[in-house]
Amino acid sequence: SAFTSTRLRDPGSPAAIAQPYRQASPPRDDPFNFSNLHIRQQKRDYRMALREIQGGWKRSHWIWWIIPTPPNVENGVEKASMTNSMYALRDRPGALEGDLAATAYLQFPEKDGVHLRSN
């Protein structure tokens, strides 16, 4: 499997601490848990985030789920806030890589009126 070679982060890292909050038993058709981690938040915050971007001033907290990124890794160690770690696109729980998750994010079908790629 593509997941067997994925390195695990330090169990004391912010991401490891955030892991219980990230796990919500994702359904089989959503193995990266986008519905719980991104769809719900984008449905709530996307219009506000877009207004802030168009207005040229980010005033509120939404960047992690509106524009998610792979884990922030430096020299093999994750360097991120707990929130960044929780919403990072990971290939599997605990992974420092996010290429598979990023591809799946871009291909995720529209759900509840939210299309992750279009947003």
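Our subject is the structure listed above.
Residues numbered from 1 in each chain as written. Predicted model: local features only at pLDDT ≥ 70, side-chain atom pairs only at ≥ 80, totals over all residues. Heavy atoms only, no water.

Q: Just checking my understanding: could you explain the overall build of the chain for this structure?
A: Helix and strand counts for the chain come out as 5 helices and 2 strands. Sequence-ordered secondary structure for the chain, helices as α and strands as β, is α-α-α-β-β-α-α. For the chain, buried positions account for 40% of its 119 residues. About 7300 Å² of surface is accessible on the chain, with carbon and sulfur atoms providing 54% of the total. (Helix = DSSP H or I, 4+ residues; strand = E, 2+ residues; numbered from the N terminus. Buried < 20%, exposed > 50% of the residue type's maximum accessible area, 1.4 Å probe, protein only. Areas by Shrake-Rupley, 256 points an atom, 1.4 Å probe, with all protein chains shown as cover.)

Q: Could you clarify how one ought to interpret the pattern of salt bridges in this entry?
A: Two side chains that carry opposite charge are able to pair once their charged atoms sit near each other. Tallying each qualifying case throughout the model produces 2 salt bridges. A salt bridge links Arg 44 to Asp 45, with the nearest nitrogen and oxygen atoms 2.8 Å apart. Residue Arg 44 is classed as exposed on the basis of its relative accessible area of 56%. The salt bridge partner of Arg 90 is Glu 78, with a shortest N-O separation of 2.7 Å. In this pair, Arg 90 is assigned in the loop between helix H4 (82–87) and helix H5 (99–107) and Glu 78 in strand E2 (residues 77–78), connecting sequence segments 12 residues apart. Here the two residues Arg 90 and Glu 78 agree in accessibility, since each one is buried. (Salt bridge = Lys/Arg side-chain N within 4 Å of Asp/Glu carboxyl O.)

Q: How should I be thinking about the packing of aromatic side chains in this particular structure?
A: Think of a pair of aromatic rings as described by two things: how far the centres are apart, and how the planes are tilted against each other in angle. Under the definition given, this model contains 5 aromatic pairs. Pairing Phe 34 with Phe 108 gives two aromatic rings, centres 5.4 Å apart and planes at 80 degrees, and the pair type is edge-to-face. With a gap of 74 residues between them, Phe 34 in helix H2 (residues 34–55) and Phe 108 in the segment after H5 connect regions that are remote in the sequence. Residue classification places Phe 34 among the buried residues on the basis of a relative accessible area of 2%. (Phe/Tyr/Trp six-rings, centres within 6.5 Å; stacked < 30°, edge-to-face > 60°.)

Q: Would you mind showing me how to read the environment of Glu 97 here?
A: Counting through the fold element by element, Glu 97 comes out in the loop between H4 and H5. Judged by its relative accessible area of 25%, Glu 97 falls in the partly exposed class. Taking the C-alpha atoms as reference, Glu 97 lies 8.6 Å from Val 73; in sequence the two are 24 residues apart.

Q: Would you explain the nonpolar core in this entry?
A: The nonpolar side chains of soluble globular proteins are, as a tendency, buried together. Counting 10 residues, the largest nonpolar core is built from Phe 32, Phe 34, Ile 39, Leu 89, Ala 101, Ala 104, Tyr 105, Phe 108, Val 114 and Leu 116. Put simply, the parts of the chain that give this core at least two residues each are H2 and H5. Apart from residues no more than four positions distant in its own chain, Ala 101 is found in contact with Phe 32, Phe 34, Leu 89, Arg 90 and Asp 91. (Core = buried A, V, L, I, M, F, W, Y, C linked by side-chain atoms within 4.5 Å. Contact = heavy atoms within 4.5 Å.)

Q: What's the story with H2 in this structure? I'm lost.
A: Every α-helical turn comprises 3.6 residues, leaving residues that sit three or four positions apart pointing alike. Its 22 residues place the ends of H2 only 28 Å apart at the C-alpha level, less than the 32 Å of an ideal helix rising 1.5 Å per residue. The sharpest bend along H2 reaches about 55 degrees and sits at Asp 45. All of the buried residues along H2 are Phe 34, Ser 35, Asn 36, Leu 37, His 38, Ile 39, Gln 41, Gln 42, Asp 45, Ala 49 and Glu 52. One or two positions beyond H2, positive phi appears at Gly 56, with a value near 80 degrees. (Expected span 1.5 Å × (residues − 1). Bend = angle between axes of the 7 residues up to and from the residue.)

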